[in-house]
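# Chains, contacts and geometry: an overview
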Amino acid sequence: MNSYTMGRDAFLIYLKDIYDLETMKVLLNQKVNEGNSKVRQIKREYLTENKIEPDRGRKNNAVLYFILTYLIIAVSIPLVGGVIYGVILAFFGDFQELIEVLAATLPILIAIIVLAVVINKRRRENKAAVDKNKKHNKEDDERIRNNREFIYNEYEKPWEVQRNKICQIYAGACNALNKNYALNIIPRQYRNLAAIKFIYDFMSTSHLSFEQAVNQAQIDNGIRRIEKRLDIIIRQNESQLKELYSIRQNTETIIEQQNKILMAQIATAYYARQCALHTESIRCVVEGLYV
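As the structure is a prediction and not an experimental result, all values here were calculated from the model. (Residues numbered from 1 in each chain as written. Predicted model: local features only at pLDDT ≥ 70, side-chain atom pairs only at ≥ 80, totals over all residues. Heavy atoms only, no water.)

### What about the layout of surface pockets?
Of the voids in this model, the second largest pocket is the one considered here, and its volume is about 230 Å³. Those elements giving two or more residues to the lining of the second largest pocket turn out to be α1 (8-47), α7 (230-244), α8 (248-265) and α9 (268-289). Counting residues per element, the lining of the second largest pocket draws most heavily on α1, which supplies 5 residues. Here the lining of the second largest pocket is built from residues that sort into 9 nonpolar, 4 polar and 3 charged. (1 Å grid on protein atoms, 1.4 Å probe; cavity = no way out; pocket = protein on both sides within 12 Å on 5 of 7 lines; lining within 4 Å. Points joined across faces, edges and corners; volume = space filled by probe spheres on them. Helix = DSSP H or I, 4+ residues; strand = E, 2+ residues; numbered from the N terminus. Nonpolar A, V, L, I, M, F, W, Y, C, P; charged D, E, K, R; others polar.)

Here is the structure:
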């Protein structure tokens, strides 16, 4: 079948089907990318770890306090022994020896006691800080586990179902598009959204034929201009399609009306096949709009 086999209005319906299917392919891809991006963003927001890394300085301090504690004990034992010895001598009347022992050991003992109190205080503060960090990290692990389960149930699982549905519709749109292109009316180099948009606009706003449209000297420049505005064009077409098919009953009415045009303008041998392809194309587009 070629463009001569169908009337002008039927051919414009054919072009519009291809234009809408090409648009839908882009829109469905965007929906998948946006959905994937949303899930990734939610994961970054709720599954990013907020752990406090172990402080090497505090770990070293703990070892230092441990060593100092035992050094103090080791130094204190002989000093305490000397004091006890002086007390024993004083018990037998040698107070002078006690005074000499206390004079020699008491300042050191006092200094050791003060140092021991300071070290013990620092050790407790260091341990409290380490325990606080461990508690924080444990709570963060629990938060991550809870959030992971929540995100899977509320976002990932529903999105997986939605994405599979989008992919099925995308595959259907590609299949319908391939069937339309398989008629070999559109030259291979023009089987893309920008080129189809140019040809459709050219023919729908003039009385020139398809052959005249693709033989235009300015076709390549026209396609390039469309490519620069493709995002805007896609959104405009999406808006127009949503308005056209805003009421689901409209879909069947439109299909019926346009099939009548096809019946009147396509050779009998091709009519049934083209009507079925047109119906398939529209239904793919409508499913893509409201997925």
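Next comes the rest of the account.
### Topic: the nonpolar core
Formed by 55 residues in total, the largest nonpolar core has its most connected members in I186 and I199. Top contributing element to this core by residue count: α1, with 14 residues. Beyond its immediate sequence surroundings of up to four residues, I186 is in contact with Y14, L15, I18, Y181, R191, I196 and F210. (Core = buried A, V, L, I, M, F, W, Y, C linked by side-chain atoms within 4.5 Å. Buried < 20%, exposed > 50% of the residue type's maximum accessible area, 1.4 Å probe, protein only. Contact = heavy atoms within 4.5 Å.)

### Here's the deal with the pattern of salt bridges
With the rule as written, the count across this model stands at 9 salt bridges. Here R143 makes a salt bridge to D140, at a shortest N to O gap of 2.8 Å. One end of the pair, R143, and the other, D140, are both in helix α3 (residues 95-181), 3 residues apart, so they sit about a helical turn from each other. Accessibility expressed as a relative area gives 4% for D140, which makes it buried. Between R145 and E142 there is a salt bridge, with its nearest N and O atoms 2.5 Å apart. Of this pair, R145 and E142 both sit in helix α3, separated by 3 residues, roughly a single helical turn. Several salt bridges converge on common partners, so that one network encompasses E34, R235, E238 and K242. (Salt bridge = Lys/Arg side-chain N within 4 Å of Asp/Glu carboxyl O.)

### Details of unusual backbone geometry
Negative phi is the rule for most residues except glycine; trans is the rule for most peptide bonds. At N184, a residue that is not glycine, the phi angle is positive and equals roughly 60°. The exposure class of N184 is exposed, given its relative accessible area of 55%.

### Comments concerning the side chain of N237
In this structure, N237 sits in helix α7. Of the residues examined, N237 reaches a relative accessible area of 1% and is grouped as buried. Separated by 3.2 Å, the side chains of N237 and D20 make a polar contact. Setting aside residues up to four positions removed in sequence, N237 forms contacts with K16, Y19, D20 and T23. (Polar contact = N/O pair within 3.5 Å; in protein donor to acceptor, adjacent residues only side chain to side chain.)

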